[in-house]
Amino acid sequence: MGVPKKRTSKMRRDRRRAGNNNLRFAVQVIKCTKCKEPVMPHRACAACGNYGGREVIATAAE
């Protein structure tokens, strides 16, 4: 059986574990205040271009 030759440092161990840390949490989704479409937080709505109560992206639908 293979045995490690050197002890793994705490920094190397923690850095390896941190790569998968965000996989435990589900992606949060909120509803757009204007069109009620699902939108990720802190992003403009793709359907209506609304963010923070005002239109920031001009959409072809309007």
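The sections below set out a description of the structure shown in this document. (Residues numbered from 1 in each chain as written. Predicted model: local features only at pLDDT ≥ 70, side-chain atom pairs only at ≥ 80, totals over all residues. Heavy atoms only, no water.)

### Things to note about the overall build of the chain
Here is step 1 of the chain: Secondary structure summary: the chain contains 1 helix and 4 strands in total.
Here is step 2 of the chain: Each helix (α) and strand (β) of the chain, taken in turn from the N terminus, gives the series α-β-β-β-β.
Here is step 3 of the chain: Computed over C-alpha atoms, the radius of gyration of the chain comes to 22 Å, more than 25% over the 11 Å expected from 2.2 N^0.38 for 62 residues, which places it beyond the range of a compact globule.
Here is step 4 of the chain: Seen through its C-alpha atoms, the chain measures out along the principal axes to roughly 65 × 20 × 15 Å.
Here is step 5 of the chain: Out of the 62 residues belonging to the chain, those deemed buried represent 11%. (Helix = DSSP H or I, 4+ residues; strand = E, 2+ residues; numbered from the N terminus. Rg over C-alpha atoms; globule rule 2.2 N^0.38 Å. Buried < 20%, exposed > 50% of the residue type's maximum accessible area, 1.4 Å probe, protein only.)

### A few points about unusual backbone geometry
Here is step 1 of the chain: The backbone of Lys36 shows a phi angle near 65°, a positive value even though the residue is not glycine.
Here is step 2 of the chain: We classify Lys36 as exposed; its relative accessible area is 55%.

### Here we look at a nonpolar patch on the surface
Here is step 1 of the chain: A contiguous nonpolar surface patch, about 290 Å² in accessible area, is contributed by Val27, Val29 and Met40.
Here is step 2 of the chain: Structurally, Val29 can be placed in the loop between helix H1 (10-18) and strand S1 (30-31).
Here is step 3 of the chain: With relative accessibility at 52%, the residue Val29 sits in the exposed group. (Patch = residues over 30% accessible without salt bridge, like charges linked within 9 Å, V, L, I, M, F, W, Y side chains within 5 Å. Areas by Shrake-Rupley, 256 points an atom, 1.4 Å probe, with all protein chains shown as cover. Salt bridge = Lys/Arg side-chain N within 4 Å of Asp/Glu carboxyl O.)

### As for the pattern of salt bridges
Here is step 1 of the chain: Overall, the coordinates contain 1 salt bridge when judged by the stated rule.
Here is step 2 of the chain: When the shortest N-O distance is used, the salt bridge between Arg13 and Asp14 registers 3.0 Å.
Here is step 3 of the chain: The exposure class of Arg13 is partly exposed, given its relative accessible area of 29%.
Here is step 4 of the chain: For Asp14, a relative accessible area of 37% corresponds to the partly exposed category.

### Side note on the side chain of Asn50
Here is step 1 of the chain: Looking at the secondary structure, you find Asn50 in strand S3 (residues 50-51).
Here is step 2 of the chain: Classification of Asn50 by relative accessible area gives buried; the value is 10%.
Here is step 3 of the chain: If sequence neighbours within four positions are ignored, Asn50 has contacts with Cys32, Thr33, Lys34, Ala44, Cys45 and Glu55. (Contact = heavy atoms within 4.5 Å.)

### Describing the state of the cysteines
Here is step 1 of the chain: This model, assessed by the stated rule, comprises 0 disulfides.
Here is step 2 of the chain: Unpaired in this structure, Cys35 has its nearest cysteine sulfur neighbour in Cys45, at a distance of 3.6 Å.
Here is step 3 of the chain: Residue Cys35 is classed as partly exposed on the basis of its relative accessible area of 28%. (Disulfide = S-S within 2.5 Å.)

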